[in-house]
Amino acid sequence: MRSLSQEDAEKLITSTPDVDRLRAHSKQYSAQPHLAGDLPHAERIRDLWRSYGIPAELTRYDVLQNFPGHAALTLHREDGDADDVAFEASLIEDEIPENPTSAPTNGLPSAFLGLTAHGAARRAELVYVNFGTRADFAALASRGVSARGRVALCRYGGGVLRGLKLRAAERAGAAAVVLYGDPAEDGACTEANGYKAYPHGPARHPAAVQRGSVDYFSVGVGDPTTPGYPSLPGGGTERRDPRAGGAVAVPRIPALPVSFRDALPFLRALNGCGPGPAELGTDWAGALDGVEYCAGPARARVTLVSEGEYRYSPIYNVTGTIQGSTDECVILGNHHDSWCCGAVDPVSGSAAMNEVARGLGSLMRRNWRPYRKIILASWDDEEYGLVGSTEFGEDHASWLTENCVAYINVDEATNGGKFLGAYGSPFLTHVLRAAASAIPSPVNESKTVYDDWLALQQEEATDPANPPSQPTLTIMGTGSDYTVFLHHLGIPSLDLLFNQRGDAVYPYHSNYDSYYWVDRFGDPGFAKHLAMARLWGLVVVKLAGAPVLPFRGADYAEALGRHLGALRARNVPGLGLEPLEMAVSRFEKAMTALDTTVHRGEHEASRQPQSTAREANKTHMQIERSFLREDGLPGRPWYKHLIFAPGLWTGYDGVAFPSIAECLEDGDIEGANMWIREIAKVIEKACAVAGGAGLV
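Residues numbered from 1 in each chain as written. Predicted model: local features only at pLDDT ≥ 70, side-chain atom pairs only at ≥ 80, totals over all residues. Heavy atoms only, no water.

### Description of the sheet that holds strand β9 (residues 255-258)
Taken together, the four strands give an open sheet; going across it, the order is β5-β6-β7-β9, and neighbouring strands pair in parallel fashion. Sheet topology places β5 (126-128) and β9 at the edges, where each strand pairs with a single neighbour. On average, each strand axis in the sheet is tilted by 20 degrees relative to the strand beside it, whichever way the strands run. Here strand β6 (residues 151-155) pairs with strand β7 (residues 176-180) via five bridges, running parallel. Bridging from a neighbouring strand, valine 151 pairs with alanine 176 of β7. Against the sheet, helix α5 (residues 162-171) engages β6, β7 and β9, with an angle of about 145 degrees to β7. (Pairing = 2+ DSSP bridges. Helix = DSSP H or I, 4+ residues; strand = E, 2+ residues; numbered from the N terminus. Axes fitted to C-alpha atoms, helices over the stretch in contact; angles between N-to-C directions. Contact = heavy atoms within 4.5 Å.)

And the structure:
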């Protein structure tokens, strides 16, 4: 049989995904919860990929997890009578007849947080701490309100991972934390604005609860007892205390998540107690009726109990491998565990991945052999702290460093957003632009995914007079399985999802993340699932099939220049940017020369000798690796990338030049200048890699 050409392979991978199959996978996988360690579910995925002709296997790791026991949250009466319970939080979500998977028995209990400390705060005073940021606790202290020894009532949002809210609360001396979702974070889509609540409309259901991990993602991920090395089964793995040492990655205080319905009595108990939004700032106000959002402390006291069990449990990664002509590899990943039924997170991504796998199987049957190996990965235990992917990365660090050219992640195909969100290494900008230009828009007829992506960035440009002519990648933070690849190993990574400008409140990590929600509100018609399966498959085939990687150094240089410009625009007195400015200027020249040599024209590049292609690819791989620092970032040695990292106190969002940013946040100009010199050195190192490859 004649080998399938690269052009034909790209056409076939985009024409394979089918809406009916995507629906079927969504409905099947979200019919029941798949908690971490669900072996039958992992085997089901493995067997499906094998049926497509892709050799697939399971790999086990034994990792630390906590499991729920008794939980309670009580508001006591102010008078302290013997029977002094004023309110007992239900800590469960309502079962909804229209949503058959919404029963409280589906998944872990509503009042559960992964890797929280177990314990109790009894008859403690209550304070409201807004989003629970360091700035919020500082604002309270400036008004004479202390969190020490008290229960901190904190709302989700503010761009801060839930675990980092606990980290800030713990540092402020809080005894425990209560987390809830306020309708103020839902934009216009609220009942107050006339929208009906789920399931009758797109607004948040009052009983919805956001579960999740409170691991300190921006400090370290993976099994917290094996930082930097894999949690292999058996007794030979060294285990460390995750709450001891310098880089503590899990909290020491208990916490519970609740619905805003359960939070209301506690918030109202704070009315008239302490400073409110008038003194602390309007951003302290939420959108719940009858709540003044006062900081407290409340006159009534509260009791929080969060009990459970920690133990080592097995988890199971699924990996499928399509052999290439070389040892170089591209990895695409999604996770298969969920807190509840998870039709969005992760099943929307899992459904898309299965259709990509089916397409790749079709390519194999038609005799397409990619230049580089393709590894499909369905990770386990993402929800507790990106555990399956991190253990894999730490287990195979040397091989991945030598051979992995890119990691492409889709956690969720869509969470209801209309337009593409794209995050990652600037090296992957060019290939994503090319792929997005070939995929029809799921929401705008006669447009492409690229058109929507660009239009959104132009609309949101900080300088409307100079909108971007091409879309760029957003800085990669943390929160999904790309983290070990980019931030720890220096492998160019990309995270994709349709998450921009949604019309409904996504019921994140709740029992209402269901097929019913996706079908009615998140993606009616499954057009965004289809677009993601096409886009993901095309990016992978482009990366795997071309002998010379479709990377552009100019994209990386442009990103460094843009982030340097943002740093310069801050006009920080005493900040000496000259070493960084000189290094970035040299990097721009080095990348221009590299691009000119490697990509003299796509057709000419494709005919280059294989040895030249390998040299060009190694150079690009080594440039990204050059930005790693063996000792890691200050206070978080697991994170090694000096150019990009998750914000230390935000997590979800990425920051450029993180060590400089942290010093500036702390007012440490001397430290910032030291890190400017260190970062300039690694950029110069990348220039030397480009210049010493024999290509420039």
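### Observations regarding helix α1 (residues 6-15)
Taken together, the buried positions of α1 are occupied by Ala9, Glu10, Leu12, Ile13 and Thr14. Buried-residue contacts for α1 involve α8 (347-365) and α16 (527-545). (Buried < 20%, exposed > 50% of the residue type's maximum accessible area, 1.4 Å probe, protein only.)

### Structural notes on the state of the cysteines
This structure, assessed with the given rule, holds zero disulfides. Free cysteine: cysteine 341, not disulfide-bonded; nearest cysteine sulfur from cysteine 340 at 7.0 Å. (Disulfide = S-S within 2.5 Å.)

### Brief notes about the pattern of salt bridges
Enumeration over the complete set of coordinates arrives at 32 salt bridges. In this structure, glutamate 402 and lysine 618 form a salt bridge, with 3.3 Å as the shortest nitrogen-oxygen distance. In this pair, glutamate 402 is assigned in helix α11 (residues 397-403) and lysine 618 in helix α20 (residues 610-626), connecting sequence segments 216 residues apart. Its relative accessible area of 46% is what places glutamate 402 among the partly exposed residues. The partly exposed category is assigned to lysine 618, whose relative accessible area is 22%. (Salt bridge = Lys/Arg side-chain N within 4 Å of Asp/Glu carboxyl O.)

### With respect to the packing of aromatic side chains
Between two aromatic rings, the relevant description is the distance of the centres plus the angle of the planes. Counted according to the given criterion, the structure contains 22 aromatic pairs. Ring geometry for tyrosine 506 versus tryptophan 517: centroids 5.8 Å apart, planes at 45 degrees, classification tilted. Within this pair, whereas tyrosine 506 is found in the loop between β15 (493-500) and α15 (515-522), its partner tryptophan 517 is found in helix α15, the two being separated by 11 residues in sequence. Between tyrosine 515 and phenylalanine 526, the ring centres sit 6.0 Å apart and the planes meet at 35 degrees, which makes this aromatic pair tilted. Note that tyrosine 515 is positioned in helix α15 and phenylalanine 526 in the loop between α15 and α16, a separation of 11 residues in sequence. Like phenylalanine 526, tyrosine 515 is buried. Members of the aromatic cluster, each reached through a chain of ring pairs, are Phe427, Phe551, Tyr556, Phe587, Phe627 and Phe644. (Phe/Tyr/Trp six-rings, centres within 6.5 Å; stacked < 30°, edge-to-face > 60°.)

The analysis is restricted to geometry; functional conclusions fall outside its scope.
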